[in-house]
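Topology and contacts: notes
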Amino acid sequence: MQTGMHTDTERCVRAVQSKDARFDGWFFTAVLTTRIYCRPSCPVVPPKAENMTFYPSAAGCQQAGFRACKRCRPDTSPGSPEWNQRADLTARAMRLITDGVVDREGVPGLAARLGYSTRQVERQLLAEVGAGPLALARAQRAQTARLLIETTTLPMADLAFAAGFSSIRTFNDTVREVFALSPSELRARAPKSRVVGTTPGTLSLRLPFRAPLNPDNLFGHLAATAVPGVEEWRDGAYRRTLRLPYGHGIVALTPALDHIACRLTLSDLRDLTVAISRCRRLLDLDADPAAVDDQLRTDPLLAPLVDKAPGRRVPRTVDEAEFAVRAVLGQQVSTAAARTHAARLVTAHGDTVDDPEGGLTHLFPTATALASVDPETLAMPRTRRTTFTTLVSHLADGSLNLGVECDWAETRARLLALPGFGPWTADVIAMRALGDPDAFLPTDLGIRRAAGELGLPSTPAALTARAAAWRPWRAYAVQYLWATDSHPINFLPV
């Protein structure tokens, strides 16, 4: 783990001089002579080492008075992997800020979700990230504004509020300060090919990632387990509906060689930031595949799997509560049966949406809606009905929180305390909903079968002991082990 890499000046200088894109998002280079900040892979001639200083965030650079480079566009870097592989206060705060909580609830709302005072949160972020929550949220608003300026024909006034700014003046001042260009100048410089058509609320963008990325299990898993009406695979893209703070959306995600093509249709453009954040989390795009694969290769029995298809990601979710419900529906049944159970709930209790481009019809039901379901209408064993109703009632009343701010270990313990929740269910939720990169499934049938074929220990206790060497990336080891099977989840749909 490269925690605090920006403090290792010698290593940062080497990364900049070699233009190493693997470090984009890990740190930012601020040039003292030009007052510009760049990503490590900036194509311009690297500055002299004595003219470089390094920050852990774009917000830190902006707060120190640097403006974004017009060549390398550091605001389009992948996010730092640190915030998705840690569960401490800083990481949880960064995940919430990325999810737009500061814009919607302010710093007091952020602190309340984390269970700390505003002063504690501000002090911790400033010490580790180089900027407080307001500065971090401002940098994110600037990035969203640039995206809307360059990819839509929205009037600037509408665009400013969609990006989260409280006034046109603040929008103009921030864009000019961060990018050294006015909003109108940014739009004039944008390639015309980037601008989307006139469909209201629709825009196309590229989601960057650190190479390599193997799309097979990522999109294969999402397509094979897709709930009819909520998700589908169509024309080479995974499509699904999104329940968002201000409205709803539909997203189409298509794998490409160096990015994920993302087409978003939103009922309210204020949801753009959170929609992008959730799509990136769904596809695990901020992962550091080099660190993951290097660690797993140290096991001689895993190394051939990694070398054969490096860059596997963990397919995650856009809605943690939704995934938890689906995990319960999938207990001890086939993938097809789990989809059928979920589709019935969607049809009966989900909110309808209009999708002129495909076959999406509903949003997945909220926990509140599911809490009112008559258990006798559920086509499942009585014990699983109890598991289902207990889960949705705890989600609905707020006594169980699966949001990005939750503590992984504490939440896993809370799940295990619920009736019908064994280690497999708790760990699959930890892996795919909570985002714990070290979640492990030693009791999973597919994992045990793969272990036996590879010569790994096949009993849960022995396999867990062997997997200690794979930490903190055991969730990624699960993906490589699952990939030894011929199940549809392991193959990119045709």
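Bear in mind that the values here come from a model prediction, so they are computed numbers and not experimental data.

Take unusual backbone geometry next. The peptide bond linking Ala 211 to Pro 212 adopts the cis configuration, its omega dihedral lying at 0°. Along the chain, the position of Pro 212 falls in the loop between β5 (202–207) and α11 (215–224). Note that the residue after Arg 471, namely Pro 472, is joined by a cis bond; omega there is 5°. With respect to the helices, strands and loops of the structure, Pro 472 is situated in the loop between α22 (460–467) and α23 (474–482). Although it is not a glycine, Arg 35 sits at a positive phi angle of roughly 60°. Topologically, Arg 35 is positioned in the loop between β1 (28–31) and β2 (36–38). Judged by its relative accessible area of 33%, Arg 35 is partly exposed. A positive phi angle, close to 55°, is found at Asp 284, a residue other than glycine. Considering the arrangement of structural elements, one finds Asp 284 in the loop between α12 (272–282) and α13 (289–296).

Its place among the elements puts Gln 140 in helix α7 (residues 133–151). Judged by its relative accessible area of 14%, Gln 140 falls in the buried class. Contacts of Gln 140, omitting those with residues within four sequence positions, involve Ile 97, Thr 98, Gly 100 and Thr 273.

Turning next to the packing of helix α21 (residues 445–454) against α23. Axis separation between α21 and α23 bottoms out at 9 Å; the angle between their running directions is 70°. By the angle between their directions, the pair α21 and α23 is classed as roughly perpendicular. Across the interface between the two elements, Gly 446, Ile 447, Ala 450 and Leu 454 of α21 pack against Val 478, Leu 481 and Trp 482 of α23. Looking at the contact of α21 with α23, its residues break down into six nonpolar, one polar and no charged.

Of note, Val 306 is situated in helix α14 (residues 303–308). In this structure, the C-alpha to C-alpha distance between Val 306 and Asp 374, residues 68 residues apart in sequence, is 46 Å. In this structure Val 306 touches Asp 293, Leu 296, Arg 297 and Tyr 480, once residues within four positions along its chain are discounted.

What counts, and at which threshold
Residues numbered from 1 in each chain as written. Predicted model: local features only at pLDDT ≥ 70, side-chain atom pairs only at ≥ 80, totals over all residues. Heavy atoms only, no water. Helix = DSSP H or I, 4+ residues; strand = E, 2+ residues; numbered from the N terminus. Buried < 20%, exposed > 50% of the residue type's maximum accessible area, 1.4 Å probe, protein only. Contact = heavy atoms within 4.5 Å. Axes fitted to C-alpha atoms, helices over the stretch in contact; angles between N-to-C directions. Parallel < 35°, antiparallel > 145°, perpendicular 65-115°, else oblique. Nonpolar A, V, L, I, M, F, W, Y, C, P; charged D, E, K, R; others polar.

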